[in-house]
Amino acid sequence: MLSEESAAVVRATLPAVAGALDEITARFYGAMFRDRPELLDGMFNRGNQASGVQRRALAGSIAGFATALLDSPDTRPDTLLDRIAHKHAAVGVTDDQYTIVHKYLFGAIAEVLGDAVTPEVAAAWDEVYWLMAGALIGREARLYQDAGVTPGEVWRPWTVVERRTETPDTVSFLLRPADGGPAPRARAGQYVSVRVRLADGVHQVRQYSLSSDPGDGLRRITVKRVAAAEGTPDGEVSTLLHERVSAGDELTLSAPFGDVFLDDPADAGSPVVLVSAGIGCTPMTGILAHLAAVGSTRPVLVLHADRSPADHALRAETRALVDRLPGARAVFWYEHPEPAEPTQPTQPTQLTQPTAQAEQVERADGADRAGAEFRSGLMDLDGIELARDATVFLCGPLPFMRAVRGQLLAAGVPARAVRYEVFGPDLWLPGS
Ligand SMILES: Cc1cc2nc3c(=O)[nH]c(=O)nc-3n(C[C@H](O)[C@H](O)[C@H](O)COP(=O)(O)OP(=O)(O)OC[C@H]3O[C@@H](n4cnc5c(N)ncnc54)[C@H](O)[C@@H]3O)c2cc1C
Ligand code: HEM
């Protein structure tokens, strides 16, 4: 808990610190990487540094944590801290590194705010930093323990058993531990980090959701190639995986982590809604595969939006999994539907009444035998009936998630029931 004196100082200086955080974090990373370049080799993501997105996530989290401390001093913002701790564990952050970050962060604060940083101000923010660091270190220690690994030593070699092209810009890699040991426990929806050495010799780490639960010690990731656009280069790691990695090669993977997963006693009957767009389908197919593997009868509604059926990665697999699950059905939205799969007028979908759904699917022009229904345009939840007690998993580009979350809340889904995964540093959480 923040001391009373520090709370008063933090409250008085929060607007000034928050307002300067962008500049503070830019200087912080600049100085830290100048003195400790090894942190950019196999730990920090240089794409996120170049685009500034990691800087904004760090700044937002500190401001969010300080605000939460002032608003409710006796509790911790669990969602914020869990999200960061899982990401830290997935890149192998260790507790001694918090001293390094502290040194450069507070050096940058003093530089940017100058004389405003009196000894009292410095001490109060020091308290905030160590409260946050302490909460993260504790969570990360538990995550490492649960994963059965030494803190920071999360890496293990895996062999690519099979490489499969899913769409023109998406490939799946089926993997098995190269050391012959068992695959670590993973919860449906979680991700692993993949660490590769790039052409310039620098190692880079990226996260990929586990897109299937094939059993037999296997794991699968599905990677979309990030192509250059105006002013932005090709994605480094996804391009390397697409161009250079095939069956028989070895990849270095972390243990699985991630705070968004199906909390699944297999017999829990509550409904599940899986909402995704584009490559955001990967954690959803992981969850679906798990539900199918345990023979779940939970009501499951799969809602996915994509540019076209041909761009929809794991589309056939999603339909097959939906077909195997007695309580499941799917609705897909395509901006460019193929002529072979005509679109259909919007009809209400009853998650809670499987019989009514089945009849409706048979009647619908855009339905197929596997219980999937097709619509044209962007995802629109109007007319989709959502069970009030459903847990909703959401993943896709940020604008998509913002729009859909708004529709979900308007439809009466409680905010706490919506669990979202961001395929990058979470810029959404601190302000949400
Ligand atoms: C929890 C989680 C799960 C994920 N799951 C999946 C998954 O299942 N499948 C999947 O395909 N992806 C997934 N991702 C995304 C994945 O981790 C990578 O972010 C993605 O593959 C891009 O990495 P990259 O190295 O190819 O691109 P990067 O090299 O990291 O580039 C990322 C973006 O930054 C831009 N950029 C780079 N340098 C600059 C610069 N100097 N100026 C401006 N812009 C720049 C690039 O053009 C690109 O658009 C997930 C991410 C997270 C956090
Ligand atoms: C109190 C101190 C810290 C705070 C508040 C903090 C905050 C954050 C946040 C908000 C993220 C983004 C999480 C997300 O993906 O949504 C993150 C990621 C990360 N953090 Fe920290 N962090 C702290 C300490 C550290 C330390 C000590 C290290 C190790 C030197 C570290 C290394 C990283 C790395 C490598 C990532 C992933 C970066 C990326 O993918 O671009 N952090 N941290």
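Residues numbered from 1 in each chain as written. Chains lettered and ligands numbered in written order. Predicted model: local features only at pLDDT ≥ 70, side-chain atom pairs only at ≥ 80, totals over all residues. Heavy atoms only, no water.

Caption draft 1: Representation of the coordination of the iron atom of ligand 2 within the structure. Among protein atoms, the single one acting as a donor to the iron atom of ligand 2 is His88 (NE2), 2.0 Å away. Following the sequence through the fold, His88 ends up in helix 4 (residues 78–91). (Donors = N, O, S within 2.8 Å, 3.2 Å for Na, K, Ca; no water. Helix = DSSP H or I, 4+ residues; strand = E, 2+ residues; numbered from the N terminus.)

Caption draft 2: Region of interest: helix 8 (residues 281–293). Over its 13 residues, helix 8 runs 18 Å from end to end, which matches the ideal 18 Å to within 8%, given 1.5 Å per residue. The buried fraction of helix 8 is high, at 12 of 13 residues. Inspection of helix 8 places Cys281, Thr282, Pro283, Met284, Thr285, Gly286, Ile287, Leu288, Ala289, His290, Leu291 and Ala292 among the buried residues, and these make up the whole buried set. Residues of helix 8 that are buried sit in contact with strand 4 (203–212), strand 5 (219–224), strand 7 (272–277), strand 8 (300–306), helix 9 (315–324) and strand 13 (391–395). (Expected span 1.5 Å × (residues − 1). Buried < 20%, exposed > 50% of the residue type's maximum accessible area, 1.4 Å probe, protein only. Contact = heavy atoms within 4.5 Å.)

Caption draft 3: Expanded view of helix 5 (residues 97–113). The end-to-end C-alpha separation of helix 5 is 24 Å, in line with the 24 Å expected for 17 residues at 1.5 Å each. Where helix 5 is concerned, the buried positions are Gln97, Tyr98, Ile100, His102, Tyr104, Leu105, Phe106, Ala108, Ile109 and Val112. Looking at the packing, one finds that the buried side of helix 5 touches helix 1 (4–35), helix 3 (53–71), helix 4 and helix 6 (119–147).

Caption draft 4: Region of the structure containing the packing of aromatic side chains. The tally for this structure, following the rule as stated, stands at 10 aromatic pairs. Relative to Phe44, the ring of Phe33 lies with its centre 5.2 Å away and its plane at 70°, an arrangement referred to as edge-to-face. With Phe33 in helix 1 and Phe44 in the loop between helix 1 and helix 2 (46–51), this pair connects stretches of sequence that are 11 residues apart. A relative accessible area of 12% means that Phe33 is categorised as buried. Residue classification places Phe44 among the buried residues on the basis of a relative accessible area of 17%. Measuring from centroid to centroid gives 5.8 Å for Phe332 and Phe374, while their planes differ by 55°, and the two rings are tilted. Separated by 42 residues along the polypeptide, Phe332 in strand 9 (residues 328–334) and Phe374 in strand 11 (residues 372–376) bring together distant segments of the chain. Residue classification places Phe332 among the buried residues on the basis of a relative accessible area of 0%. (Phe/Tyr/Trp six-rings, centres within 6.5 Å; stacked < 30°, edge-to-face > 60°.)

Caption draft 5: Representation of the site of ligand 2 within the structure. Around ligand 2, the structure places 22 residues, and the nearest of them are Phe44, Asn48, Lys87, His88 and Asp426. Asn48 is positioned with one of its side-chain polar atoms (N or O) 3.0 Å from an oxygen atom of ligand 2. His88 is positioned such that a nitrogen or oxygen atom in its side chain is 2.8 Å from a nitrogen atom of ligand 2. When residues of the shell around ligand 2 are traced back to their parent elements, those giving at least two are helix 3, helix 4, helix 5 and helix 6. Grouping the amino acids of the shell around ligand 2 by side-chain chemistry returns 13 nonpolar, six polar and three charged. (Near = heavy atom within 4 Å. Polar contact = N/O pair within 3.5 Å; in protein donor to acceptor, adjacent residues only side chain to side chain. Nonpolar A, V, L, I, M, F, W, Y, C, P; charged D, E, K, R; others polar.)

Caption draft 6: Geometry of the packing of helix 4 against helix 6. One can describe the packing of helix 4 onto helix 6 by two numbers: an axis separation of 9 Å at closest approach and a directional angle of 55°. Here helix 4 is positioned oblique relative to helix 6, judged by the angle of their axes. Between helix 4 and helix 6 the crossing geometry is right-handed. Each of Asp78, Leu81, Asp82, Ile84, Ala85, His86, His88 and Ala89 in helix 4 lies in contact with helix 6, whose residues at this interface are Met132, Ala135, Leu136, Arg139, Glu140, Leu143 and Tyr144. Per-class residue counts for the contact of helix 4 with helix 6 are nine nonpolar, two polar and four charged. (Axes fitted to C-alpha atoms, helices over the stretch in contact; angles between N-to-C directions. Parallel < 35°, antiparallel > 145°, perpendicular 65-115°, else oblique. Left-handed = near helix turned anticlockwise from the far one by under 90°.)

Caption draft 7: Local environment of the site of ligand 1. Near ligand 1 there are 24 residues, and of these Arg206, Gln207, Tyr208, Pro233 and Ser238 occur at the shortest range. Taking Ser209, its main chain carries an N or O atom lying 3.2 Å from a nitrogen atom of ligand 1. Contact distances for ligand 1 include 2.7 Å between an oxygen atom and a backbone N or O atom of Val237. Relative to its unbound accessible surface of 970 Å², ligand 1 loses 82% to contact with the protein. Contributions of two or more residues to the shell around ligand 1 are made by strand 4, strand 5 and helix 7 (236–244). Element by element, the count of residues in the shell around ligand 1 is highest for strand 4, at four residues. Its residues placed into classes, the shell around ligand 1 shows 10 nonpolar, nine polar and five charged. (Areas by Shrake-Rupley, 256 points an atom, 1.4 Å probe, with all protein chains shown as cover.)

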